[in-house]
Amino acid sequence: MVLPQITSPHISGANRTGQLMLWVILATLPALALQTYWYGYGNLINVILAALMAITMEAAIIRIRRRPVVFYLADNSALLTAVLLGLALPPFSPWWLLLIAVLSAIVFAKHLYGGLGNNPFNPAMVGYALVLIAFPVEMTRWATAGIDLSMEDSLRITFMGFSDVNGIDSWTHATPLDLVKHKGAQPIDALIASPEMGQGLKAAYWVNFAYAIGGSMLLCLRIISWHAPVAMLTSLALISSVFYWVDPQKYPSSLMHLLTGATMMGAFFIITDPVSSATSRLGKLFYGAAIGILVYVIRTFGSYPEAMAFSVLLMNLAAPFIDYYTRPRSYGHQSSWWR
Amino acid sequence: MVDYLLILVSTVLVNNFILVQFLGLCPFMGVSSKLETAMGMSLATTFVLTIASLCSYLTSRYLLKPLQLEYLQTISFILVIAFVVQFTEMLVHKTSPLLHRVLGIFLPLITTNCAVLGVALLNIKKDHGFLASILYGFGAAVGFSLVLILFSALRERIAAGDVPGPFKGPAIAMITAGIMSLAFMGFTGMVAL
């Protein structure tokens, strides 16, 4: 009998990265469906267009870098970035806005740093923040909740702008967070009772709920770990309830902070990015908690109504530092944290 | 009290000297490739910037204003800063060899840090009082240190990555600095100062 000596690893799987990314993309589908239900075909068009652009650019840049194109495309990371961007950008964004966002995400934020695994910043959030600062007018037009636009009209807005569409007076509306930001001295109760807020809030709750469902699926499959999302949601809930307790007419409740804007999307799909977030468990807890606090602080005191992209980027740049001080104890050594 | 707190928040985050006002970029690029040196530099800068903003305030208030020599601000501040830095170095060298070993080579470098002169001039322009001047200098230094330390940890990680040839070294550091600046835009509008 021959017993050959084989070195480890003894069980080798297929390219797991591609599968994981595919699962994450699948988990965004409930949210995509609900966003399409509430805000029209805008996000669907965004996602498809961004995916086409992202795959083209990814292939081109891998070609320029003289790497095997098919192998790197198969990790689906460009597709995931495109899907997240398409969901995050406002529905019916002009096509060039998508192009700039995808270009800065795929080329600048990812491949100039050496491709997947080396990017210190979340590519989708770099693309989002860049277009938010460069084109604030286009980026602050979110579709009316419950809008009813045909596919043809939606495509026309995306490619030719709003002025070419006949028979529609308007298709945009302030989001709940916009309304809270610009409410002035009006008390929150009166704001929530107003019909424009009611419809927007309902849509936002449903969409956030869908992201939470998708995220829980990823948690059950153990594709993402619970540390960062739980820390983020807890810190956001805590800080918002403190302010709510101090003045409930001025600051919205924690329920509203947790279920509007990009909170759930960020918690489960953005801050759990394994590349750009902190690595160790303790580090992830710090990372998530800090994002929750930053989101609240920027939403409440800054000039932007939504803060997820900025908070994630701010903590991305702090992640290597967090990792440096939260290294897990290696076997046989003293813990470096308590020393 | 609230005013002083706002000065701190403003200089550390909202109007960060490096990422929003683009002052002190030379040490930001030059001394950020290692975390250890960045920490040394941050300590030294915090020390000098606070003292220098105090001294330049005194110079302006009690020397230049009474003699109506405000047009000599820039040159006299440069002189004061150089003097303060040199004096600090000698003092530290004599009194605390340990501190000198930590801060040692960074101290002369700070003389040429434009953030130091920038703080002194901005203090006059914004008409800050005695305590406000010191806090403004201290806040600027804390903001500088925060960004420098985070950036150096980030650069250590980037250096380990597979950056394409033309973008190695300073080029990717510039792009990173740009994205960091983008992230700090999130604080816009938080404090109106």
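Residues numbered from 1 in each chain as written. Chains lettered and ligands numbered in written order. Predicted model: local features only at pLDDT ≥ 70, side-chain atom pairs only at ≥ 80, totals over all residues. Heavy atoms only, no water.

Looking at the overall build of chain A
Scanning chain A from terminus to terminus reveals 17 helices and two strands. For chain A, whose C-alpha radius of gyration is 21 Å, the value lies close to the compact-globule estimate of 20 Å for 339 residues. Principal-axis analysis of the C-alpha atoms gives chain A an extent of 80 × 50 × 35 Å. A burial count over chain A gives 52% of its 339 residues as buried. Here chain A has roughly 16100 Å² of accessible surface; of this, 65% comes from carbon and sulfur atoms. When the 19 positive and 15 negative side-chain charges of chain A are each reduced to one mean point, those points stand 18 Å apart. (Helix = DSSP H or I, 4+ residues; strand = E, 2+ residues; numbered from the N terminus. Rg over C-alpha atoms; globule rule 2.2 N^0.38 Å. Buried < 20%, exposed > 50% of the residue type's maximum accessible area, 1.4 Å probe, protein only. Areas by Shrake-Rupley, 256 points an atom, 1.4 Å probe, with all protein chains shown as cover. Lys, Arg positive; Asp, Glu negative; His and termini not counted. Charge placed at Lys NZ, Arg CZ, Asp CG, Glu CD.)

Things to note about the domain arrangement of chain A
Residues and elements named next belong to chain A. Domain boundaries in chain A define domain 1 (15–173) and domain 2 (175–326). Centre-to-centre, using C-alpha coordinates, domain 1 lies 21 Å away from domain 2. If you look at the interface, domain 1 gives 32 residues, while domain 2 gives 29 residues. Of the roughly 2700 Å² buried between domain 1 and domain 2, counting both surfaces, carbon and sulfur atoms make up 79%. Scanning the region where domain 1 abuts domain 2 turns up zero salt bridges. Viewed at the interface, domain 2 and domain 1 are joined by three residue pairs in polar contact (both at pLDDT 80 or more). Taken together, the elements giving at least two residues each to the side of domain 1 that touches domain 2 come down to α1 (16–27), α2 (29–39), α5 (77–88) and α7 (123–134). Among the elements that make up the side of domain 1 that touches domain 2, the one with the highest residue count is α7 (seven residues). The residue inventory of the side of domain 1 that touches domain 2, partitioned by class, reads 24 nonpolar, eight polar and no charged. (Domains from an automatic or database assignment. Contact = heavy atoms within 4.5 Å. Buried area = accessible area lost by both parts, 1.4 Å probe. Salt bridge = Lys/Arg side-chain N within 4 Å of Asp/Glu carboxyl O. Polar contact = N/O pair within 3.5 Å; in protein donor to acceptor, adjacent residues only side chain to side chain. Nonpolar A, V, L, I, M, F, W, Y, C, P; charged D, E, K, R; others polar.)

Details of the interface of chain A and chain B
Tallying the contact residues gives 34 residues for chain A and 29 residues for chain B. Of the roughly 2700 Å² buried where chain A meets chain B, counting both sides, 74% is carbon and sulfur surface. If you sort the residues of chain A by the area they bury against chain B, A:Leu112, A:Tyr113 and A:Leu317 come out on top, with a joint share of 24%. Linking chain A with chain B are three salt bridges. The salt bridge involving B:Asp162 is made with A:Arg65; its shortest N-O contact spans 3.3 Å.

A few points about unusual backbone geometry
Phi at A:Asn76 takes a positive value of approximately 60°, unusual for a residue other than glycine. Mapped onto the elements, A:Asn76 comes out in the loop between α4 (69–73) and α5.

Considering the packing of aromatic side chains
The full count for this structure, using the stated rule, is 17 aromatic pairs over all chains. Arranged with centres 5.5 Å apart and planes meeting at 85°, the rings of A:Tyr39 and A:Trp142 form a pair that is edge-to-face. One end of the pair, A:Tyr39, is in helix α2; the other, A:Trp142, is in strand β1 (residues 142–143), with 103 residues separating them in the sequence. Taken together, the ring pairs in this structure connect A:Phe243, A:Tyr251, A:Tyr296 and A:Phe301 into an aromatic cluster. Taking the ring centre of A:Tyr324 as reference, the NZ or CZ of A:Arg327 above it sits at 4.8 Å. Above the ring of B:Tyr62, the side-chain terminus of B:Arg61 is found at 5.2 Å from the ring centroid. (Phe/Tyr/Trp six-rings, centres within 6.5 Å; stacked < 30°, edge-to-face > 60°. Lys NZ or Arg CZ within 6 Å of the ring centre and 35° of its normal.)

Points about a nonpolar patch on the surface
Residue and element names in this part refer to chain A. A surface patch of nonpolar side chains, about 620 Å² in accessible area, is lined by Tyr41, Trp95, Leu99, Met151, Leu155, Phe159 and Met160. At the level of elements, α6 (95–110) and α9 (151–160) are the ones that each hand at least two residues to the nonpolar patch. Looking at the nonpolar patch element by element, the count peaks at four residues for α9. Examined against the element boundaries, Met160 turns out to sit in helix α9. Judged by its relative accessible area of 49%, Met160 is partly exposed. (Patch = residues over 30% accessible without salt bridge, like charges linked within 9 Å, V, L, I, M, F, W, Y side chains within 5 Å.)

Quick word on the environment of A:Ile55
Within the secondary structure, A:Ile55 sits in helix α3 (residues 42–64). In sequence terms A:Ile55 and A:Ala82 are 27 residues apart; their C-alpha atoms lie 8.6 Å from each other.

Topic: the nonpolar core
Counting 143 residues, the largest nonpolar core has A:Phe121, A:Tyr287, A:Ile291, B:Phe28 and B:Met180 as its most contacted members. With twelve residues, helix α8 (residues 130–159) of chain B is the single largest residue contributor to this core. Counting only domains with at least three residues in this core, you end up with domain 1 (15–173) and domain 2 (175–326) of chain A. With sequence-adjacent residues up to four places away left out, B:Met180 is seen in contact with A:Phe121, A:Leu317, B:Leu19, B:Phe28, B:Val147, B:Phe151 and B:Leu154. If you look at the next biggest cluster of nonpolar residues, it comprises six residues, including A:Val180, A:Met197, A:Leu201 and A:Met256. (Core = buried A, V, L, I, M, F, W, Y, C linked by side-chain atoms within 4.5 Å.)

Quick notes on the pattern of salt bridges
Close approach of charged atoms allows side chains with opposite charge to pair. Taken as a whole and assessed by the stated rule, the structure comprises five salt bridges over all chains. Close ionic contact of A:Arg299 with A:Glu306 constitutes a salt bridge, the shortest N to O distance being 2.7 Å. For A:Arg299, a relative accessible area of 5% translates into the label buried. A relative accessible area of 18% places A:Glu306 in the buried class. Ionic pairing is found between B:Arg157 and A:Asp323, a salt bridge with its closest N-O pair at 2.5 Å.

Quick look at the environment of B:Ala141
Residue and element names in this part refer to chain B. Inspection of the secondary structure puts Ala141 in helix α8. As for Ala141 and Phe47, which are separated by 94 residues in sequence, their C-alpha atoms are 8.2 Å apart. With near-sequence residues (within four places) excluded, Ala141 lies in contact with Thr45, Thr46 and Leu49.

A few points about the side chain of B:Ser53
Residues and elements named next belong to chain B. Here Ser53 is to be found in helix α3 (residues 35–64). You can call Ser53 buried: its relative accessible area is 1%. Within the local environment of Ser53, its side chain forms a polar contact with the backbone oxygen of Thr50, the two atoms lying 3.0 Å apart. With residues near it in sequence (within four places) discarded, Ser53 still touches Val119, Asn123, Ser133, Ile134 and Gly137.

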